[in-house]
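Summary of structural features
Here's the letter readout for the chains.
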Amino acid sequence: PVDARVTRAAPAVAPTTLGARLRARGSARATFERRMRDLLTGELRRESGRLTLELPARARLEFTRTGERVTLRSDGGEWLQPRLSQMLILDASHASQASRWWRLLLDGQAPGITVERRGVRTRVFHSSDGAGPDSAVLRIDAAGLPVSLEVPDIQGTSEFRFGAWSFGRASGEAAFRQKAPAGYDVIDLP
């Protein structure tokens, strides 16, 4: 006989299911709103955009209003800045440091990062190797998909709030490479 008062525990939600879905489909996309609070003025600035992630280590951020685009791959990447008419070239070490915060979205972990759980849907990440920002906060929804990622930066804190996630076929590495438009300065980031 089974005791009717005993109930099954709900299955634990993984830190994030984005990585599993991305591996199954090839590409993950979401709109986002980047919110930045200026340390000096306290002003809140908002920028909308799109994020695309593909394996093994590709990320593309496109900012709608400014046209700014950042592409990251394991071998490096580019940061196109139309307002300054320049494109910064990132080497593998720059891309690795920048992309590790985005890799947290996939599986809730990344090299050099320790994870502190705060409840069912919040993870606080701490850099254990001193490279890049020292912490980030990831919030996930009931399905395990990222809702927001807060990362400190030189201007204060950036919070990326994600819209609905969609999954589809991978575009391939060419979609994660940029060429500078005519007249732009191309600068290798030191």
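Whatever comes next refers back to the structure up there.
As a starting point, this report considers the structure included with it. No experiment lies behind these values; they were computed from the predicted model shown.

Moving on, we come to the pairing of strand β4 (residues 69–73). Counting buried positions along β4 gives four out of five residues, so the element sits mostly inside the fold. With four bridges connecting them, strand β3 (residues 58–63) and β4 associate as antiparallel partners. From the neighbouring strand, Ala59 faces β4, where its bridge partner is Leu72. The turn linking β3 back onto β4 is made up of five residues, and Gly67 within it adopts a positive phi angle of 80°. Between β4 and strand β5 (residues 76–81), which pair antiparallel one after the other, the connecting turn spans two residues.

What follows covers the nonpolar core. Ranked by internal contacts, the top residues of the largest apolar core, which has 31 residues, are Leu18, Leu51, Leu53, Trp102, Leu105, Phe162 and Trp165. If near-sequence neighbours (up to four positions away) are discounted, Leu51 is found in contact with Ala28, Arg29, Ala30, Phe32, Arg60, Leu61, Trp102, Leu105, Phe162 and Trp165.

What links the strands of a sheet is backbone hydrogen bonding, and the strands pair in either a parallel or an antiparallel sense. Ordered in space as β7-β8-β9-β10-β11-β1-β2-β3-β4-β5-β6-β12, the twelve strands form an open sheet in which the pairing is mixed. Looking at strand neighbours, the two that pair on one side only are β7 (113–118) and β12 (185–188), the edges of this open sheet. Pairwise comparison of adjacent strand axes, ignoring direction, gives a mean angle of 20° for this sheet. Pairing of strand β1 (residues 27–38) with strand β11 (residues 156–168), which is carried by eleven bridges, proceeds in the antiparallel orientation.

Calculation rules
Each chain carries its own residue numbering, running from 1 in the written order of its sequence. Two thresholds apply to this predicted model, a pLDDT of at least 70 for residue-level local features and 80 or more for giving and counting side-chain atom pairs, whereas whole-chain, interface and lining totals are computed over all residues. Side-chain metrics rest on all non-hydrogen atoms present in the structure, leaving aside hydrogens and water. Note on exposure labels: buried denotes an accessible area under 20% of the residue type's maximum, exposed denotes more than 50%, and partly exposed covers the range between, all computed with a 1.4 Å probe on protein chains only. Helix and strand definitions here come from DSSP, where helices need a minimum of 4 consecutive H or I residues and strands a minimum of 2 consecutive E residues; each element is numbered from the N-terminal end. DSSP calls a pair of strands paired once it identifies at least 2 bridges connecting them. Side-chain atoms within 4.5 Å are what join buried Ala, Val, Leu, Ile, Met, Phe, Trp, Tyr and Cys residues into a set we call a nonpolar core. Contacts between residues were defined by any pair of non-hydrogen atoms, one from each residue, lying within 4.5 Å. A fitted line through C-alpha atoms represents every axis, and for helices the fit uses only the stretch in contact; the resulting angles, taken between N-to-C directions, go from 0 to 180 degrees.

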